[in-house]
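Chain residues, written in single-letter form:
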Amino acid sequence: MCYCIVAKLTNDDVRQLCKELNVKFIRLQFTDIFGVLKNVAITVEQLDKALEGEMMFDGSSIEGFVRIEESDMYLRPDPSTFVVYPWKPRDGAVARLICDIYNPDGTPFIGDPRYALRRAIAEAEEMGYSMNVGPEAEFFLFHVDSEGRPTTKTHDRAGYFDMTPIDLGEDARRDMVLTLEQMGFEIEASHHEVAPGQHEIDFKYSDALDVADKIVTFKLAVRTVAQRHGLHATFMPKPVFGMAGSGMHLNQSLITKDGKNAFYDTTTPNGMSQISMNYIAGLMNHINAITAIINPTVNSYKRLVSGYEAPVYVAWSAQNRSPLIRIPAKRGMSTRIELRSPDPSCNPYLALAVCLRAGLDGIKKGMVPPSPCDRNIYEMTLAERQEMSIANLPENLSEAIKALAADEVIKEALGPHIFERYMEAKNIEWDRYRMQVSPWELEEYLTKF
């Protein structure tokens, strides 16, 4: 039985499907500015009220939304996001609808991450483009202890592309794939990743808003299925020292109004259009500020270090995987650029919004990227990198948020509400982190001094 609907739906379609699928409960979902999933559950008897945008909630209770004196917010479900949860009972099924957030006066709430992405998509449409995205999200599966609390003990000792009997998480990953397919995902690949306990599931590209919705759904489904297997799934970027961290590469392309891939050009030696070069240049020009959004935690920067395949250097190439941006080999409608630095702890709505705005800025201003770097940058000396003007990504969250504060294009992509609250929260996070005394420091210094 398929628990999802692929076609675009109307409110009437949702009402009819709830009857046909015996839906008893509906979860109205949205994210806070950090991408943490929130929801309010209603009974099917309240569906009409919800579909009419009359469901109110307290925005002051949501991280980064509004103050208590302006707390009333409204949820407006997007009917095209209707899906029934496969892991819930069929008798009295539970469905979900992803919502946009509105103010009491009927205007979109500028602090809604989904609205930030909608604004970026609207700018692209004005320029004649739509954005396609294909994410590659990695995650770890760990054991839980006797009380059900997550540990960092992995369930296997497998490596990249290994399989049973080495990969003991294969059963869980298989159930994740089947569950996601029931929810409307077209899974292109799933495999064990480099580190023990690390996995990747790739699903087919789609338009930016649909993919952001799918990333949020993907993370919920993966964690739910893992729990049913007695495991804990985490999208934390770097949970274990000495192992590779988890990334979420974002394959991006622009499609013209007549359905052609704007990144493809048969007349150039590498098949890449001038538009694609402008887009790459825009990403590279704004990458320091973008990093504060696509690598949003202090832990994110434990992944962005040399030696673990994560990008550290701001360069691009069509021939190797060490730079920030890679050009996969396929051409035609598959022509795309792959941004390799994002990690799965980011808010996908904000991540795609800032990437799209940066790329469009490159197109509008005719930016030109530096020459490609087709050498392994990890093996280059500092002098060689300086000679080629290859810069480093921010080394920590503090550097990244300072870059964000200085970048007007990326600030505008977020909007003043999200920018101000995001900066406030991340400055607090950095201050809390830098004041901690870690076990490493005690081991290193306690007896030495």
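Residue positions are counted from 1 within each chain, in the order its sequence is given. Local features are withheld for residues below a pLDDT of 70 in this predicted model, meaning they are given only at 70 or higher, and side-chain atom pairs are given and counted only at 80 or more; totals for whole chains, interfaces and linings count all residues. To obtain the side-chain values, all non-hydrogen atoms of the structure were included, while hydrogens and water were left out.

Caption draft 1: Representation of a nonpolar patch on the surface within the structure. A patch is a set of surface residues, each over 30% in relative accessible area and not in a salt bridge, joined within 9 Å for like charges and within 5 Å for the nonpolar side chains Val, Leu, Ile, Met, Phe, Trp and Tyr. Areas reported here follow the Shrake-Rupley algorithm with a probe of radius 1.4 Å; residue values treat only the protein chains shown as occluding. The salt bridge criterion pairs a side-chain nitrogen of Lys or Arg with a carboxyl oxygen of Asp or Glu, the two atoms within 4 Å. A surface patch of nonpolar side chains, about 310 Å² in accessible area, is lined by V437, L442 and L446. Under the relative-accessibility criterion, L442 is labelled partly exposed at 44%. Partly exposed describes any residue whose relative accessible area lies between the buried limit of under 20% and the exposed limit of over 50%, with all areas from a 1.4 Å probe on protein chains only and scaled to the type maximum.

Caption draft 2: How the structure looks around the layout of surface pockets. Both site types are read off a 1 Å grid over the protein atoms alone. A 1.4 Å probe that fits but cannot get out defines a cavity, while an open set with protein on both sides within 12 Å along at least five of seven lines defines a pocket; lining residues have an atom within 4 Å of a point. Grid points are joined across faces, edges and corners, and a volume is the space filled by probe spheres set on the points. Approximately 890 Å³ is the volume found for the largest pocket. Together, 42 residues line the largest pocket, and E136, E200, H249, N251 and E338 are the ones closest to its centre. Only runs of H or I of at least four residues qualify as helices and only runs of E of at least two qualify as strands under DSSP, and these elements are numbered from the N terminus. Put simply, the parts of the chain that give the lining of the largest pocket at least two residues each are β7 (129-144), β9 (187-192), β10 (198-203) and β13 (248-256). No other element matches the 6 residues that β7 contributes to the lining of the largest pocket. Here the lining of the largest pocket is built from residues that sort into 14 nonpolar, 14 polar and 14 charged. The classification used treats Ala, Val, Leu, Ile, Met, Phe, Trp, Tyr, Cys and Pro as nonpolar, Asp, Glu, Lys and Arg as charged, and all other residues, Gly among them, as polar.

Caption draft 3: Quick peek at the packing of aromatic side chains. Aromatic rings from Phe, Tyr and Trp, taking only the six-membered ring of Trp, are treated as a pair when their centres fall within 6.5 Å; an angle between ring planes under 30 degrees marks them as stacked, one over 60 as edge-to-face, and anything in between as tilted. Scanning all chains against the criterion turns up 13 aromatic pairs. A ring pair is formed by F139 and F218, whose centres lie 6.3 Å apart and whose planes are at 70°; its orientation type is edge-to-face. With a gap of 79 residues between them, F139 in strand β7 and F218 in helix α5 (residues 208-228) connect regions that are remote in the sequence. Both residues of the pair, F139 and F218, count as buried. One aromatic cluster is present, built from ring pairs that chain together F139, F185, F203, F218 and F235.

Caption draft 4: The arrangement of the UniProt feature "binding site: ATP" (unreviewed entry) in the protein chain in detail. In this structure's numbering, the residues bearing the UniProt feature "binding site: ATP" (unreviewed entry) are E188, F203, K204, Y205 and R321. Set against the largest pocket, the annotated residues that line it come down to E188, F203, Y205 and R321. Tracing the backbone shows F203 in strand β10. By relative accessible area, F203 is classed as buried at 3%. The contact rule is simple, with two residues in contact once any of their heavy atoms fall within 4.5 Å. Among all residues touching F203, those that are not within four sequence positions of it are P135, F185, E186, I187, E188, K214, I215 and F218. Excluding residues that lie within four positions of it along the chain, R321 makes contacts with R326 and R340. UniProt positions are given in the numbering used here, feature names are shortened, and annotations may be inferred rather than shown by experiment.

Caption draft 5: Just the confidence of the model for the protein chain, in detail. When pLDDT is averaged along the protein chain, the result is 90; 92% of the residues meet or exceed 70. Values of pLDDT, ranging from 0 to 100, describe the predictor's confidence in every residue of the model. In the model, residues 159-167 has pLDDT below 50 throughout and makes 22 contacts with residues more than four positions away in sequence or in other chains.

Caption draft 6: Representation of helix α10 (residues 397-405) within the structure. Buried residues of α10: L397, S398, A400, I401 and L404, and no others. Buried residues of α10, seen end-on, are gathered within an arc of 160° and therefore sit on one face of the element. Tucked into the core, α10 has its buried residues touching α6 (274-294), α7 (300-303), α11 (408-414) and α12 (416-434). The term polar contact refers here to a pair of N or O atoms within 3.5 Å; inside protein, the definition further demands a hydrogen-donor-capable atom paired with an acceptor-capable atom, and it admits residues adjacent in sequence only when both atoms are side-chain atoms. For α10, the side-chain oxygen to backbone nitrogen distance between the N-cap and S398 is 3.1 Å, and the N-cap itself is N396. In this description, the arc belongs to the directions extending from the helix axis to the C-beta atoms.

Caption draft 7: Region of interest: the UniProt feature "modified residue: O-AMP-tyrosine" (unreviewed entry) in the protein chain. Using the residue numbers shown here, the UniProt feature "modified residue: O-AMP-tyrosine" (unreviewed entry) corresponds to Y378. Here Y378 is to be found in the loop between α8 (348-364) and α9 (382-387). By relative accessible area, Y378 is classed as partly exposed at 24%. Among all residues touching Y378, those that are not within four sequence positions of it are S306, E309, A310, P311, V312, Y313 and S322.

Caption draft 8: Molecular detail of the domain arrangement of the protein chain. By the assigned domains, the protein chain splits into domain 1 (11-109) and domain 2 (118-440). For every domain, the bounds stem from an assignment made automatically or drawn from a database. Distance between the C-alpha centres of domain 1 and domain 2: 28 Å. Counting from both sides, the interface comprises 21 residues of domain 1 and, opposite them, 21 residues of domain 2. Considering only the surface of domain 1 that becomes buried against domain 2, I33, F34 and W87 emerge as the three largest contributors, covering 38% of it. Between domain 1 and domain 2 we count 2 salt bridges in total. A quick way to say it: buried area is the sum, across both parts, of accessible area lost when two parts are put together, with a 1.4 Å probe.

Caption draft 9: Summary view of the pairing of strand β4 (residues 72-77). Here β4 shows a clear split, with M73, L75 and P77 buried on one side and none of D72, Y74 and R76 buried on the other. Note on pairing: DSSP must find at least two bridges between two strands before they are called paired. Relative to strand β6 (residues 93-102), β4 is paired through 4 bridges, and the arrangement is antiparallel. Bridge pairing links L75 to I101 in β6.

Caption draft 10: Molecular detail of the pairing of strand β2 (residues 37-43). Of the pairings in the sheet, the one linking strand β1 (residues 23-31) to β2 comprises 7 bridges and is antiparallel in character. Residue I26 lies in a different strand from β2, and its bridge partner there is I42. Here β1 hands over to β2 after 5 residues, with G35 in that stretch at a positive phi of 85°.

Caption draft 11: Structural context of empty space enclosed by the protein. Summed over all chains, the structure comprises 1 cavity of 30 Å³ or more. The volume enclosed by the largest cavity comes to roughly 40 Å³. Every residue lining the largest cavity is listed: F30, T31, I98, C99, D112, P113, R114 and Y349. Counting residues per element, the ones that place at least two in the lining of the largest cavity are β1, β6 and α3 (113-126).

Caption draft 12: Expanded view of the pattern of salt bridges. Across all of its chains, the model carries 26 salt bridges by this definition. Among the salt bridges present, the one from D12 reaches R15, with a minimum N-O distance of 2.7 Å. Here the residue D12 and the residue R15 both occupy positions in helix α1 (residues 11-20), the gap between them amounting to 3 residues, near one helical turn. Relative accessible area serves as the criterion here: at 53%, D12 is assigned to the exposed category. For R15, a relative accessible area of 22% puts it in the partly exposed group. A salt bridge links E338 to R326, with the nearest nitrogen and oxygen atoms 2.8 Å apart. Taken together, the positions of E338 in strand β17 (residues 337-339) and R326 in strand β16 (residues 325-326) put the pair 12 residues apart, joining distant regions of the chain. E338 sits in the buried class, given a relative accessible area of 1%. According to the relative accessible area criterion, R326 is buried, its value standing at 15%. Through salt bridges with shared partners, one network takes in D78, D100, R114, R118 and D213.

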